[in-house]
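Here are the chains, one letter per residue:
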Amino acid sequence: MPLLDRPTLSRSTPRPSSPRPALATLPCMLLLAFGAVPPAWAQDAKPADAAAPTAGVLQPVTVTAERRTENIKDVPSAITTLSGETLDVLNSGGQDVRMLSGRVPSLNIESSFGRAFPRFYIRGFGNTDFDLNASQPVSLILDEVVQENPILKGFPMFDLERIEVLRGPQGTLFGRNTPAGAVKFESAKPTRKAEGYGSFSYGRYGTINVESAVNLPLNADWAARASVQVQNRDDWVTNTYAPGPTRTLEGYDDIAGRLQLLYQPSTAFSALANIHVRNLEGSARLFRANIIKPGTNELVDGFEPSKISTDGINQQELSQVGGSLRLRWSFGDMALSSITGQERVQAFSRGDIDGGFGAAFLPASGPGFIPFAAESGDGMPDHLQFTQEFRLESTGKGPLKWLGGLYYFNEKLAIDSYNYDSLGGNVQNGFATQSQKNKAYAVFGSINYDVTQALKLRGGLRYTKDKKDFIADRITPPPFSPTFTGRLATETDASNTSGDLSGTYAVNKNINAYARIATGFRAPAIQGRLLFGDTLSVAQSEKVTSVEAGIKSDLMDGRARLSFGLFNYTIKDQQLTAVGGGANFNRLVNAEKTIGRGVELDFQAFVTDNLLVSLGGSYNKTEIKDPNLRVDGCGSGCTLLDPVTAPANPAIGKFAPTVSINGNSLPQAPKVVVNMTARYGIPTASGGEWFVFTDWAYRSKVNFFLYESTEYTGKALLEGGLRVGYNWNNGKYEMAAFGRNITNQVRVVGGIDFNNLTGFINDPRTFGVQFKAAF
């Protein structure tokens with residue numbers, strides 16, 4: 001039986017354009033944030049059972065990267081965590097999950113959908129596929145439940161205990177589709193202490209960010225925790241094309257909530273239920289025609305981020321509801337865990353793909369050259385993901401520890417694709433559908449053995465079986481495309497055994513050296529964007545072997561912490577997506593071989609008792625090695641840098657040249673990522689504290705597509721934040737002013753290449769004030 005009733009949205013007709021509703025729920029959220037906590041709770045702002053920290057000493061960091069709670073120094077793999085004040089600072093400006101991009105070594109996140117459908121890249125390894133059934137090599141795990149579909153990965157971040165970024169293959173314990181790594185979100189759990197907090201910020205463009213959580217012990221056995229986040233931004237971009245149906249853009253209303261219920265009658269049993277919801281309404285990604293200066297990767301002269309000229313409709317809607325049940329039994333020296341999860345999401349996104357108005361064959365068009373109009377929409381009217389995992393593990397003392405488990409995954413989804421005639425009243429003139437069923441089964445196990453007090457070894461294996469069934473129907477062909485109508489279908493069936501072997505050696509009590517070899521697997525993927533094509537494409541299984549080694553150390557009597565690592569990976573039959581070209585569609589291909597190598601650094605230190613700094617960085621070099629792999633270049637007149645193997649020939653419907661991509665780096669794979677934070681506090685005699693917090697993230701240039709071109713090479717991006725404030729009453733209350741992207745750096749961060757030099761940009765500079773209270 002389903003855990004949750006699914007929401008209903010009609011699939012029979014395209015969604016109408018409609019203004020976003022006012023935030024009628026905002027007063028309720030404010031009430032929850034600042035008035036719903038009984039006065040008797042306002043006694044202690046610290047988390048339950050938290051020990052008072054020692055001034056100028058870093059607190060131990062615990063993670064569950066290998067399904068056990070461990071000190072991060074003892075885990076033989078590359079991990080970075082984010083928590084506490086750092087997450088609060090990043091979240092203050094109302095950004096979505098993309099705010100994590102560049103905030104840890106080797107991590108990049110981008111999206112051509114806006115606040116929905118983020119695409120993750122670790123060590124340069126990701127996937128640019130924009131179809132709604134896309135497969136990604138970076139897994140996102142929310143409270144131990146995988147969020148497989150990219151739409152699910154955009155769930156807002158609030159009331160989190162921590163985020164763990166696991167770099168390198170994670171196939172043994174986290175399964176298929178993790179060959180690049182995994183990002184784990186751990187929500188704050190219910191406790192037996194009455195407490196809560198509320199946060200309210202207001203900033204530029206009417207940006208509102210409200211976050212609140214209330215923890216309530218119900219009796220000796222039961223506890224509940226409710227948390228909510230409300231994010232809003234007014235439209236700040238004006239459409240200067242007067243007939244355009246969407247007059248203002250780039251605003252959003254994004255509301256999410258989570259309710260958890262914990263039952264723990266004894267140390268031998270616990271049950272944790274979780275229900276979470278999200279509703280998003282606002283602008284889809286804003287595509288801007290001809291904003292790139294030909295022959296360069298610079299913005300055109302006079303570019304104004306707050307203006308656009310477009311004749312299309314822009315809208316985005318998303319509704320998500322999910323839940324999980326985590327059960328744990330302890331008996332003797334063993335523990336059994338059951339994790340059941342279900343997710344449902346419905347989404348629709350519509351945008352003007354040519355980024356402008358009119359067309360070259362009409363009396364008026366622009367900005368710049370618009371060869372033809374292109375407006376499309378994609379919806380997911382039906383989606384269901386169900387997962388079940390059983391895990392049995394040892395809990396006793398001794399040199400040997402083990403873990404074994406079974407896993408089941410079942411996903412069903414439907415996709416609607418629309419084409420619209422923006423020149424003739426924005427009517428639908430093309431329609432296609434897709435449906436996909438995906439089932440996977442796995443059995444896995446791992447062993448930890450302490451050879452000596454200093455040398456500890458780990459190893460594990462996982463066997464996976466994955467099957468997909470895919471059907472695509474082209475119901476109405478759009479203009480200027482193949483006239484095929486009808487159904488195409490295919491299926492895939494694959495299995496794989498992956499594993500890892502690692503070791504940690506304690507050089508002394510402060511320094512651990514580690515080494516790890518791991519393999520990973522991404523199941524076959526299918527694409528059939530029949531709205532603009534008449535073929536299906538299938539990418540076969542992708543396999544990776546990764547080797548890494550490094551050190552993790554505590555320095556300066558606990559005042560500093562350093563992690564440093566080297567890695568090298570080889571991908572066989574990497575799944576790549578040839579995006580765009582002469583038409584707005586995806587084609588899946590396999591590259592014979594791809595290699596990646598690099599170094600990573602994490603460093604934190606109390607320079608003084610009141611000055612805490614952190615520095616992270618990575619260097620990644622990726623290279624496609626396949627002399628026979630060719631893809632279409634841009635159809636927009638960009639400056640190609642790859643060898644042309646077949647020229648464009650519009651007479652036969654070939655609107656883009658074919659190029660060889662052998663030797664290219666992977667798309668959206670910056671060679672250099674650097675991040676830093678610094679916090680300086682000035683205590684006052686009354687027990688308060690003035691503070692300054694700054695954070696910066698840099699990534700070097702990136703290719704937007706598999707091919708290389710001058711215009712579609714994204715320039716290096718540096719974004720910084722600043723927060724100045726005062727907290728009092730032992731940190732229970734805080735008032736601060738903040739700024740995000742404080743240098744107001746504007747960059748093209750992605751492109752549409754089949755029509756003109758269309759691009760989209762990063763978030764603008766924002767600033768505001770924030771008040772927080774803990775109870």
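Further up the page is the structure itself.
Worth saying up front: this structure is predicted, and the values here are computed from it rather than measured. (Residues numbered from 1 in each chain as written. Predicted model: local features only at pLDDT ≥ 70, side-chain atom pairs only at ≥ 80, totals over all residues. Heavy atoms only, no water.)

**Re the overall build of the protein**
The line we're drawing: A run of DSSP states H or I qualifies as a helix once it reaches four residues; a run of E qualifies as a strand once it reaches two. Both are numbered from the N-terminal end. Partly exposed residues are those whose accessible area sits between 20% and 50% of the maximum for their type, while under 20% is buried and over 50% is exposed, using a 1.4 Å probe and protein chains only. Two residues qualify as a contact provided that any one of their heavy atoms is within 4.5 Å of a heavy atom in the partner residue. Values of accessible area rely on a 1.4 Å probe in the Shrake-Rupley scheme; residue burial ignores everything except the protein chains shown. For the charge count, each Lys or Arg is scored as positive and each Asp or Glu as negative, with His and the chain ends excluded. Throughout, a charge is located at the NZ atom of Lys, the CZ atom of Arg, the CG atom of Asp or the CD atom of Glu.
Each helix and strand in the protein was counted, giving three helices and 45 strands. With respect to the principal axes defined by its C-alpha atoms, the protein has extents near 75 × 55 × 50 Å. Sorting the 775 residues of the protein into buried and exposed places 58% on the buried side. Taking all contacts inside the protein whose residues are at least 6 apart in sequence as the whole, residues at least 24 apart take part in 69%. Counting only carbon and sulfur atoms, one obtains 60% of the accessible surface of the protein, whose full area is about 29200 Å². On the protein, the mean spot of the 76 positive side-chain charges and the mean spot of the 74 negative ones are 3 Å from each other.

**Considerations on the pattern of salt bridges**
Applicable threshold: Each reported salt bridge corresponds to a side-chain nitrogen of Lys or Arg within 4 Å of a carboxyl oxygen of Asp or Glu.
Within the structure shown, the criterion is met by 48 salt bridges. Counted as one network, the salt bridges with shared partners bring together D143, E161, R162, E164, K184, E186 and K189.

**Re the pairing of strand 11 (residues 207-217)**
Put simply, the test is: A pair of strands is labelled paired if DSSP reports no fewer than 2 bridges between them.
In terms of burial, strand 11 is a largely internal element, nine of the eleven residues being buried. Summarising the sheet, strand 10 (residues 195-203) and strand 11 pair through nine bridges and their orientation is antiparallel. Paired with Y197 across the bridge in strand 11 is A213. Here strand 10 folds back onto strand 11 in antiparallel fashion, the turn holding three residues, of which Y205 has a positive phi close to 60°. Taken together, the ten bridges between strand 11 and strand 12 (residues 222-233) define a ladder with antiparallel strand orientation. From the neighbouring strand, L216 faces strand 12, where its bridge partner is A224. Hairpin connection, strand 11 to strand 12: the antiparallel pair is bridged by four residues.

**Points about the pairing of strand 25 (residues 455-476)**
Pairing between strand 24 (residues 427-450) and strand 25: 20 bridges, direction antiparallel. Bridging from a neighbouring strand, K439 pairs with K467 of strand 25. Linkage of strand 24 to strand 25, two consecutive antiparallel strands, is achieved through a turn of four residues. Looking at chain direction, strand 25 and strand 26 (residues 486-508) are connected through 20 bridges and run antiparallel. Each residue of the ladder has a partner; that of K468, found in strand 26, is T492.

**Brief notes about a positive patch on the surface**
Where we set the bar: Patch membership needs two things, relative accessible area over 30% and no salt bridge, and members are linked within 9 Å if like-charged or within 5 Å if nonpolar (Val, Leu, Ile, Met, Phe, Trp, Tyr).
On the surface, a cluster of positive charge is contributed by R597, K621, K671 and K701. Of note, K671 is situated in the loop between strand 36 (658-660) and strand 37 (672-683).

**Here we look at the sheet that holds strand 35 (residues 644-646)**
Our working definition: Only the stretch in contact is used when fitting a helix axis, every axis being a line fitted to C-alpha atoms; angles between N-to-C directions are given from 0 to 180 degrees.
The antiparallel open sheet is built from three strands, whose spatial order is 34-36-35. The sheet is open, and its two borders are formed by strand 34 (630-632) and strand 35, each paired with just one other strand. Strand-to-strand twist across the sheet, computed as the mean angle between neighbouring axes with direction ignored, equals 40°. Bridge count between strand 34 and strand 36: three bridges; the pairing is antiparallel. Of the residues in strand 36, the one forming a bridge with D632 is T658.

**Focus: the packing of aromatic side chains**
The condition that has to hold: Pairing of aromatic side chains requires ring centres within 6.5 Å, counting the rings of Phe and Tyr and the six-membered ring of Trp. Pairs whose planes differ by under 30 degrees are stacked, by over 60 edge-to-face, and all others tilted. Here, over-ring charges are defined by two tests on the NZ atom of lysine or the CZ atom of arginine: distance to the ring centre within 6 Å, and angle to the ring normal within 35 degrees.
Counted under the stated rule, the structure contains 21 aromatic pairs. Their ring planes at 25° and their centres at 6.0 Å tell us that Y418 and Y420 sit as a pair that is stacked. Taking the relative accessible area as the measure of exposure, Y418 reaches 1% and is therefore buried. Pairing F567 with Y569 gives two aromatic rings, centres 6.3 Å apart and planes at 5°, and the pair type is stacked. On the accessibility criterion, F567 (4% relative accessible area) is buried. Residue classification places Y569 among the buried positions, given a relative accessible area of 4%. Among the aromatic residues, those joined into a cluster by ring pairs are W690, Y726, W728, Y733 and F771. A cation over a ring is seen here: R258 above F158, with NZ or CZ 4.5 Å from the ring centre.

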